[in-house]
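# Working through the structure, step by step
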Amino acid sequence: MFATVGWIENLLDELAPMETAESYDNVGAIIGRRDAEVTKILVALDCTLDVVREAKEVGAELIVTHHPLLFHARKNLLEEDAEGRILCEMVRSHLSLIAAHTNLDQTELSGSASCARLLNLQNIRKETNYLFLGELEKPMKAEELEQKISNALSFPVRRYGSGDKLVSTLAIAGGADDGDWQTAQALGAQALLTGEVRHHNALAASMSDFVLFDGGHYGTEAPLVPFLAEYLQKRLNDVQYNVRVYPSQYAPFGSV
């Protein structure tokens, strides 16, 4: 018995059922063969050319990412654009790809829940499909929390709202979900950490005595990579499959 791409896909489906993904999404096996043997897996946030090179360097047959390729329909497979180059290189290298996107966003291994763990939030809970809440170990001013988040994520955070606002409950919606700030406020949070804050929401939240933290799409979702790799490694070890799982070390925007 050996692990296959299809077996890993089923393993991810147990964690994050594909039927829960948004209708516009592209999750599950995307490139390769479901019956291909897997001995090494690389887990990454995105499948870029550098991630493909990293997979080849460690000898991985499978890349598992959060963000999918082929998210939008293509009419050609030319290497004249970034995605086309990645797809062609993966096919040439006999690499397979599985994505767990909006289905993973709703689980305890989402970017939001992973950020909450890095911040040592207490009583972490999922309040809506994509919104997680937790209590700080002790209340602190928003300007102090801004620095704490930046340190925990190793990524610069921008604050919208009063630095003097006292925060005891933090909501987190990683990626692009600043529209949930009113729901977070109604649930008792004084601030929301997300990945992309639009101007109108920044203004409205500030005028409502609520604080928004913009940690960047990458910054608020990259924390899921090591947690997902650890989960896969444990599940594979449990069934005694000789498969090694590597969390990607690639930082697309360099050191920050």
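Residues numbered from 1 in each chain as written. Predicted model: local features only at pLDDT ≥ 70, side-chain atom pairs only at ≥ 80, totals over all residues. Heavy atoms only, no water.

### Digging into the packing of helix α2 (residues 49-58) against helix α3 (residues 82-92)
Remark: α2 packs on α3, axes separated minimally by 9 Å, with the N-to-C direction vectors making an angle of 15 degrees. On the basis of the axis angle, α2 is roughly parallel to α3. In this structure, the crossing between α2 and α3 has a hand that is left-handed. Two secondary-structure elements touch here, α2 through Leu49, Val52 and Lys56 and α3 through Arg85, Ile86, Glu89 and Met90. Per-class residue counts for the contact of α2 with α3 are 4 nonpolar, no polar and 3 charged. (Axes fitted to C-alpha atoms, helices over the stretch in contact; angles between N-to-C directions. Helix = DSSP H or I, 4+ residues; strand = E, 2+ residues; numbered from the N terminus. Parallel < 35°, antiparallel > 145°, perpendicular 65-115°, else oblique. Left-handed = near helix turned anticlockwise from the far one by under 90°. Contact = heavy atoms within 4.5 Å. Nonpolar A, V, L, I, M, F, W, Y, C, P; charged D, E, K, R; others polar.)

### A word on the packing of aromatic side chains
This model, assessed by the stated rule, comprises 5 aromatic pairs. Ring centres of Tyr218 and Phe253 lie 5.6 Å apart, and the angle between their planes is 85 degrees; on these two criteria the pair is classed as edge-to-face. Here Tyr218 is found in helix α8 (residues 217-221), whereas its partner Phe253 is found in the segment after β11 (244-247), with 35 residues between them in sequence. Accessibility expressed as a relative area gives 57% for Phe253, which makes it exposed. A network of ring pairs unites the aromatic residues Phe155, Tyr218 and Phe253 as a single cluster. Seen from the ring of Phe227, Arg117 lies directly overhead, with NZ or CZ sitting 4.4 Å from the centre. (Phe/Tyr/Trp six-rings, centres within 6.5 Å; stacked < 30°, edge-to-face > 60°. Buried < 20%, exposed > 50% of the residue type's maximum accessible area, 1.4 Å probe, protein only. Lys NZ or Arg CZ within 6 Å of the ring centre and 35° of its normal.)

### A look at the sheet that holds strand β9 (residues 191-194)
What the 6 strands build is an open sheet, ordered β5-β6-β8-β9-β10-β7; its pairing is mixed. Each edge of the open sheet is held by one strand with a lone partner, namely β5 (122-126) and β7 (158-160). Each strand axis lies, on average, 25 degrees off the axis of its neighbour in the sheet, ignoring direction. In the sheet, β7 pairs with strand β10 (residues 211-214) via 3 bridges, with the strands oriented antiparallel. For Arg159, the partnering residue across the bridge sits in β10 and is Phe213. This element, helix α4 (residues 111-118), spans β5, β6 (132-141), β8 (166-173) and β9 of the sheet and lies at about 145 degrees to β8. (Pairing = 2+ DSSP bridges.)

### A look at the pattern of salt bridges
A side chain of one charge can pair with a side chain of the opposite charge if their charged atoms are brought near each other. Taken as a whole and assessed by the stated rule, the structure comprises 16 salt bridges. The residue Arg74 makes a salt bridge to Asp81 at a minimum N-O spacing of 3.0 Å. Judged by its relative accessible area of 28%, Asp81 falls in the partly exposed class. Between Arg159 and Glu146 there is a salt bridge; the shortest N-O distance is 2.9 Å. Of the two residues, Arg159 is situated in strand β7 and Glu146 in helix α5 (residues 142-153); the sequence distance between them amounts to 13 residues. When its relative accessible area of 26% is taken as the criterion, Arg159 is described as partly exposed. Overall, Glu146 belongs to the buried group, its relative accessible area being 18%. (Salt bridge = Lys/Arg side-chain N within 4 Å of Asp/Glu carboxyl O.)

### Focus: helix α9 (residues 224-238)
Compared with the 21 Å implied by 1.5 Å per residue over 15 residues, the 21 Å span of α9 between its first and last C-alpha is a close match. Among all positions of α9, only Leu224, Val225, Leu228, Ala229, Tyr231, Leu232, Gln233 and Leu236 are buried. The inward-facing, buried residues of α9 contact α1 (5-15), β2 (40-44), β3 (62-65), α4, α8 and β11. Backbone geometry just downstream of α9 places Gln240 in the positive-phi region, at approximately 60 degrees. (Expected span 1.5 Å × (residues − 1).)

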